[in-house]
Amino acid sequence: MFQDNPLLAQLKQQIQENLPKKEGTIKATEKGYGFLEVDNKTSVFIPPPYMKKCMHGDKVRAIIRTEKEREVAEPEALLEQGINRFIGRVKWFKGKLNVNPDHPQLKKLSLKAKVTKGLKRDDLKEGDWVVAHLIQHPLADDNGFLVEISEKITDADDKIAPWWVTLAQNELPNTEPPGIENWQIEDDADLERLDMTHLPFVTIDGASTRDMDDALYAQKLDDGSYELTIAIADPTAYITPSSEMDRTARQRGFTIYLPGRNIPMLPRELADDLCSLVENELRPALCCSVHIGADGELGDDVKFFAATVKSHARLVYDHVSDWLENSESQSWQPDSSTASVINALYECSQARIQWREKNAVVFPDRPDYRFELSEDNDVLAIHADIRRSANKIVEECMITANICAGKVLQSSFDSGVFNTHSGFKQDKLSDVIDLINSENSEQTFTIESISTLSGFSELRRWLAKQDTSYLEHRIRKYQAYSEIGNQALPHYAMGLELYATWTSPIRKYGDMVNHRMLKAHIMGKAPVQTADGDLGDELAQHRKHHKTAERNVADWLYVRTLAEEPAEGTQFYGEIFDVSRAGLRVRLLENGAVAFIPGALILANKERLKCNSELGLVSIDDEIVYRAGDVIKLVLNEVNQETRSIVAKPVEVFAEAKEAD
């Protein structure tokens, strides 16, 4: 009877109005309770009963009260929903439709659901993957959670679910755009295409590659220098800036590369056929020629021109590398003309590598991890592909071509689509100097020196010579992120004054824009399209979503592949790439999987174990046992299929620490 008493209700309201209130973000836990994160230093406990009216990520206003001598938060008003659209799985409970969100902090939620118009409720089976929208929130209307299912993604047991679910989660397309019946070349009447079909261009790609967008030719001159010509596929010959296909390409931004499959930016009849530089087929191309000295320095005679080209040989990375490296597995042999081109390309690429090692920045060799899948989408193997001789030929040619484009776009228009990097974050420069000079007795770096392109490059070259990668891991956190923009700015991370990519127009929309601007340079005209101010942000957002999707699919496949390893006790080597207060993140060198080592699996005694995220160090009793960059032996402790996460523990036991513990 007390619940209907208006005086008691009024008294309760007055008490609540007089209690302190705080705004913050909900952080949920797997155990049902949560925290109100007010700021980086302040969090307030939320008991399980109060968590039933909110979910992870919600921004709320909460009443702060004391219960059992502990400060607790009771959310009372929703300021912003943590989720709106999400991916989930169908859950039937006593004939009622529910959805379980596919999110680590939300997996235990079972939300009442309905279906949108056009979907049949009874067609949804237990565990099916769906797209849902949160349309009702307890803190907003006091009626409990309610979601609306707008789309079924795939069946519960579909082996292709990792790809379809991840694409839906990131709102990415799962198929290539539709083409048209008759593609026509739409060149500007003033654009003259040179006949370069006599030049013995070669393509070097993977064995299964179909969208071949670059062909190469090099000739060694009598003085030891080289003449390098790069031909790039030209989809802008078929696609005009005002066309629907161009708008589609811009909306996609890039070809989406996921483990085992890709979703092209352009229709496959363009990407894999009409534009692909297929052996012995005539193709429109945009070309660049440049003289390269014997020492690898680029000449000032950069020339861009439109052409019709023909690839004289379709080469495969491994075949070319085996031949160049005199591998025992070598079986393929090029003809004499192709062999001459390969040798010239190889020597030219080596000269460029040596020049960049002395004057720019060369990244250390790391393997690329590749999933080999069966026709039924099972993982057959995970390969660690090393960049070999042929890969480096193509890489150096593409870098050279993009340097040339950067220079031409700057001189002709002072604009284009540029890849840029500003070096270290301005507020971290003093931290970099303190770190480096404390470890370096050979020479002294200054804030002024590392703020310049040459000084930054010198520091990066010094880091590359260190015996361990500890400093490299520490300094990485102080660096700015790479950007895409329309200003001709340096790329510090590569040690280059200018860098504008145009070598993958089949796969990158920004490269299509640069093609149009380079064609304008060739004709001496104003560009039909320029890099507008929004394009860089759009492309950066696309790239972020694509990388997230690639990583998510890989995580899914890793847990499928490694599910039995904890029981098997298989030992792996892992490189520590991050240290947090909670433990270590490592990358398994054998296959590229990322695993987490919680501090409790290093040493259970929290008082004796310290994980210092700022210094990248782990110590026991103040003695350093791990550093960022270390390679350690470990076994997998848990592979969680639901959260798609891997927990590992070190093989080496710190005997003295364990005994003392």
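In this text the structure is predicted, and so the values were computed from the model without any measurement.

1. Topic: the sheet that holds strand β26 (residues 609-612)
Adjacent strands of a sheet form backbone hydrogen bonds with each other and so pair up, either parallel or antiparallel.
Consideration 1: Spatially, three strands are ordered β26-β27-β28 in an open sheet, and the strand pairing comes out antiparallel. Edge positions in the open sheet fall to β26 and β28 (623-627), since each of these has one partner strand only. Taken over all neighbouring pairs, the strand axes of this sheet differ in orientation by 25° on average, direction set aside.

2. Section: the packing of helix α5 (residues 244-252) against helix α14 (residues 509-523)
Consideration 1: Contact geometry of α5 with α14 gives a least axis separation of 8 Å together with a crossing angle of 130°. Relative to α14, α5 is oriented oblique. Between α5 and α14, the contacting residues are D246, A249 and R250 on the first element and Y509, M512 and R516 on the second.
Consideration 2: When its residues are assigned to classes, the contact of α5 with α14 shows three nonpolar, no polar and three charged.

3. Focus: the pattern of salt bridges
Consideration 1: Taken as a whole and judged by the stated rule, the model has 42 salt bridges.
Consideration 2: A single salt-bridge network, built from bridges that share partners, covers D187, R193, D234 and K519.

4. Here's the deal with the packing of aromatic side chains
Consideration 1: According to the stated counting rule, one finds ten aromatic pairs in the structure shown.
Consideration 2: Seen from their ring centres, F304 and W502 are 5.1 Å apart, and the 65° between their planes marks the pair as edge-to-face. Here F304, found in strand β18 (residues 303-316), pairs with W502, found in the loop between β22 (483-485) and α14; they are 198 residues apart in sequence, far enough to count as distant.
Consideration 3: For W502, a relative accessible area of 0% translates into the label buried.
Consideration 4: Geometry around F577 places R587 over its ring, the cationic atom sitting 4.7 Å from the centre.

5. Considerations on unusual backbone geometry
Consideration 1: For K94, which is not a glycine, the phi torsion comes out positive at approximately 50°.
Consideration 2: Tracing the chain through its elements places K94 in the loop between β6 (85-93) and β7 (96-101).
Consideration 3: Within the chain, N280 stands out as a residue other than glycine whose phi angle is a positive 65°.
Consideration 4: Relative to the helices and strands, N280 resides in the loop between α6 (268-274) and β17 (282-292).

6. Let's talk about the pairing of strand β27 (residues 617-620)
Consideration 1: Residue alternation in β27 divides its side chains into two sets, L617 and S619 and V618 and I620, and both sets are buried.
Consideration 2: For β26 and β27, the ladder comprises four bridges, and the chain directions are antiparallel. Note on β27: the bridge partner recorded for L609 is I620.
Consideration 3: Between the end of β26 and the start of β27, which pair antiparallel, lie four residues, with G616 showing a positive phi angle near 65°.

7. Points about the confidence of the model for the chain
Detailed reading of predicted coordinates is not advised where the pLDDT is low.
Consideration 1: Looking at the chain, the pLDDT average stands at 93 and 95% of residues meet or exceed 70.
Consideration 2: Below pLDDT 50 for its whole length, residues 655-661 participates in nine contacts with residues either more than four positions away or in separate chains.

8. Describing the sheet that holds β6
Consideration 1: The five strands are arranged β6-β7-β8-β10-β9 in a closed barrel whose pairing can be described as mixed. The average undirected angle you get between the axes of adjacent strands in this sheet is 55°.
Consideration 2: The pairing of β6 with strand β9 (residues 129-136) spans five bridges and is antiparallel. When the bridges of β9 are listed, F86 appears paired with A132.

9. Examining the nonpolar core
Consideration 1: If you look at the biggest cluster of nonpolar residues, it comprises 82 residues, and the most contacted ones within it are V309, L345 and W502.
Consideration 2: With residues up to four places along the chain from it excluded, the contact list for V309 reads M196, T197, F201, A231, L277, E281, L282, R283, A285 and C287.
Consideration 3: The next biggest cluster of nonpolar side chains, apart from the first, holds 39 residues, and it includes A549, L557, L562 and F572.

10. Some remarks on the domain arrangement of the chain
Consideration 1: Taken domain by domain, the chain comprises domain 1 (17-80), domain 2 (91-158), domain 3 (194-422 + 481-553), domain 4 (426-478) and domain 5 (563-650).
Consideration 2: Centre-to-centre, using C-alpha coordinates, domain 2 lies 35 Å away from domain 5.

11. Quick notes on the side chain of T400
Consideration 1: Take T400: it is sitting in helix α9 (residues 389-413).
Consideration 2: A distance of 3.4 Å separates a polar atom in the side chain of T400 from a polar atom in the side chain of R352.
Consideration 3: In this view, T400 contacts L228, V290, I292, L298 and R352; residues no more than four positions away in its chain are not counted.

12. Digging into helix α7 (residues 317-324)
Consideration 1: Taken together, the buried positions of α7 are occupied by V320, S321, D322, W323 and L324.
Consideration 2: The elements touched by buried residues of α7 are β12 (201-205), β18, α8 (336-359) and α9.
Consideration 3: Downstream of α7 by a residue or two, N326 has a phi angle that is positive, lying close to 50°.

13. Structural notes on the packing of α7 against α9
Consideration 1: In the contact formed by α7 and α9, the axes pass within 7 Å of each other and the chain directions differ by 110°. Here α7 is positioned roughly perpendicular relative to α9, judged by the angle of their axes. Contacts from Y317, V320, S321 and L324 of α7 reach α9 at S389, A390, N391, I393 and V394.
Consideration 2: Split by residue class, the contact of α7 with α9 holds six nonpolar, three polar and no charged.

14. What about a nonpolar patch on the surface?
Consideration 1: Taken together, the side chains of Y573, L589 and V631 define a hydrophobic patch exposed on the protein surface, amounting to about 260 Å² of accessible area.
Consideration 2: As for its position among the elements, V631 is in strand β29 (residues 631-640).

15. Looking at α8
Consideration 1: Given a rise of 1.5 Å per residue, 24 residues ought to cover 34 Å, and the 35 Å separating the end C-alpha atoms of α8 matches this to within 8%.
Consideration 2: By the burial criterion, the buried members of α8 are T338, A339, V341, I342, A344, L345, C348, S349, A351, R352, I353 and R356.

16. A look at the pairing of strand β13 (residues 214-220)
Consideration 1: With respect to burial, β13 is a largely interior element, five of its seven residues being buried.
Consideration 2: Sheet topology note: the β13/strand β14 (residues 226-233) ladder contains seven bridges and is antiparallel. The partner of A215 across the bridge, within β14, is A231.
Consideration 3: Linking two consecutive strands that pair antiparallel, namely β13 and β14, is a turn of five residues; a positive phi of about 90° is found at G224 within it.

So, how was this worked out
Residues numbered from 1 in each chain as written. Predicted model: local features only at pLDDT ≥ 70, side-chain atom pairs only at ≥ 80, totals over all residues. Heavy atoms only, no water. Pairing = 2+ DSSP bridges. Helix = DSSP H or I, 4+ residues; strand = E, 2+ residues; numbered from the N terminus. Axes fitted to C-alpha atoms, helices over the stretch in contact; angles between N-to-C directions. Parallel < 35°, antiparallel > 145°, perpendicular 65-115°, else oblique. Contact = heavy atoms within 4.5 Å. Nonpolar A, V, L, I, M, F, W, Y, C, P; charged D, E, K, R; others polar. Salt bridge = Lys/Arg side-chain N within 4 Å of Asp/Glu carboxyl O. Phe/Tyr/Trp six-rings, centres within 6.5 Å; stacked < 30°, edge-to-face > 60°. Buried < 20%, exposed > 50% of the residue type's maximum accessible area, 1.4 Å probe, protein only. Lys NZ or Arg CZ within 6 Å of the ring centre and 35° of its normal. pLDDT = per-residue confidence, 0-100. Core = buried A, V, L, I, M, F, W, Y, C linked by side-chain atoms within 4.5 Å. Domains from an automatic or database assignment. Polar contact = N/O pair within 3.5 Å; in protein donor to acceptor, adjacent residues only side chain to side chain. Patch = residues over 30% accessible without salt bridge, like charges linked within 9 Å, V, L, I, M, F, W, Y side chains within 5 Å. Areas by Shrake-Rupley, 256 points an atom, 1.4 Å probe, with all protein chains shown as cover. Expected span 1.5 Å × (residues − 1).

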